[in-house]
There are 2 protein chains.
Amino acid sequence: MKYQEAIIEELLTTAFQDETLRNAYYEAAQEKMFKKGDLLLEQGQICRYCYTLLSGAVRGFYLKDGREITTSFCFASDVVMSLESATRLTPSPESFEVLEDSLVEVVSVEKLTQLRAQFPVLEKVWTLSMEAYAIWLEERLASLQFATAKERYELLLERYPQIVRNVQLSHIASYLGITLETLSRIRAKG
Amino acid sequence: MKYQEAIIEELLTTAFQDETLRNAYYEAAQEKMFKKGDLLLEQGQICRYCYTLLSGAVRGFYLKDGREITTSFCFASDVVMSLESATRLTPSPESFEVLEDSLVEVVSVEKLTQLRAQFPVLEKVWTLSMEAYAIWLEERLASLQFATAKERYELLLERYPQIVRNVQLSHIASYLGITLETLSRIRAKG
DNA sequence: GTCGCCGTTTGACATATATCAAATAATTAT
DNA sequence: ATAATTATTTGATATATGTCAAACGGCGAC
């Protein structure tokens, strides 16, 4: 999972002016440093924590026929979590790997559920995040469904240049649904 | 948009035992019959209504380079709406076309927002629907990202046989991200 | 029933992308 | 710094899928 939006950020900023909420949240949350290569969550495990990236980068991926398919990239202020696993308590379909040393805020999914129940504004943030995430997925789906490899790469470059700058080709390639050789050739030609 | 789940259905059933809610809802909703070929929403317009299918079938699609790309199929009890357009009041990226004569329950997005504010259980249904929709999109994304055309067709056949039974090939093909000739050949070989 | 219209199938060929292999280039460890 | 590892580029070839065109089939209008 990932995705943040201006409106949501604002709502959160306002919400955190409430001292009761702030205290409850910081009691539940814990800052942790993760190292490059660490796994925040492994495919098949149940996702029990919600990770908010304060700095660094994380990649979501799953294994198919022995090779890794990248599903998402997360950077500062993005949320890392398997939505499916966290809400249904089923095995996660994907793993999350730390791409560079990252500072992360960790809250357990259970505690998060309590906080949402206790503070309606957090429930509202959750709902808006779900909407934004679904809309983001719709857009990504459309780009995979009928754009050529070149179009998909150019769209990524336009919308998410920080991915192209920071992440190795093989991960970008599988994110775009192509091989790294093809991606390399697309970049060479321009 | 589409997607319904057992848990959500149950919650709705319970909610409708509340007479106040039931009255408020039925005052806001209106049943309408649509004919094959009707457009519930046209690409570029703002989505002002939420349509719940009571019977029949609807297809979502958008135009790309002059050809139609199918994004979804909806059947009885599915909800038809452009999530992006309805929540952000922006032009809809997709159209919705009625595939066969359909009975539809229509509520305005504005009224729906009021009802959600008035009845927390409806807000809960909305949130759960967003989660379910996002998870459904994640799954569909994974299937488009790295499955072959044959695998995608077989997955569709397994998970949503009613689509394959009821819908013409050209729509299924663009839904799978392939041409109808390729789909025809996949079916011929088995 | 016959005609005409769609939707589907089939064929020949073009093209994008994958695969396998090797050569460079860039990072990391020693 | 040098070696060792890892990432990227490039080349030759294979394959899946697309494109264009024609034939076939079912089904409603008349």
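This is a predicted model, so every value here is computed, not measured.

A. Looking closely at the pattern of salt bridges. Scanning the entire structure with this criterion turns up 16 salt bridges over all chains. Residues A:E5 and B:R88 are paired through a salt bridge, measuring 2.6 Å at the closest nitrogen-oxygen approach. Of the two residues, A:E5 is situated in the segment before α1 (6-15) and B:R88 in helix α3 (residues 83-88); the pairing between them involves two chains. Residue B:R88 is classed as partly exposed on the basis of its relative accessible area, which comes to 33%. Connected through shared salt-bridge partners, A:R59, A:E68 and A:E97 make up one network.

B. Examining the protein's contact with DNA strand D more closely. Lining the immediate surroundings of DNA strand D are 17 residues, of which A:L169, A:S184, A:R185, B:A149 and B:T182 lie closest. Close to the protein, within 4 Å, the atoms of DNA strand D belong to sugar or phosphate groups at a rate of 60%. Between A:Q168 and DNA strand D, the recorded distance is 3.1 Å, taken from a side-chain N or O atom to a phosphate oxygen. Between DNA strand D and the protein, one listed contact pairs a phosphate oxygen with a backbone N or O atom of A:L169 at 3.0 Å. Element by element, the count of residues in the surface near DNA strand D is highest for helix α9 (residues 180-189) of chain A, at five residues.

C. Geometry of the UniProt feature "domain: Cyclic nucleotide-binding" (unreviewed entry) in chain A. In the UniProt entry, the feature "domain: Cyclic nucleotide-binding" (unreviewed entry) is given for residues 32-118 of chain A. Structurally, residues 32-118 of chain A comprises 18% helix and 53% strand, and the distance from its first C-alpha atom to its last is 25 Å.

Analysis parameters
Residues numbered from 1 in each chain as written. Chains lettered and ligands numbered in written order. Predicted model: local features only at pLDDT ≥ 70, side-chain atom pairs only at ≥ 80, totals over all residues. Heavy atoms only, no water. Salt bridge = Lys/Arg side-chain N within 4 Å of Asp/Glu carboxyl O. Helix = DSSP H or I, 4+ residues; strand = E, 2+ residues; numbered from the N terminus. Buried < 20%, exposed > 50% of the residue type's maximum accessible area, 1.4 Å probe, protein only. Near = heavy atom within 4 Å. Polar contact = N/O pair within 3.5 Å; in protein donor to acceptor, adjacent residues only side chain to side chain. UniProt positions renumbered as here; feature names shortened; annotations may be inferred.

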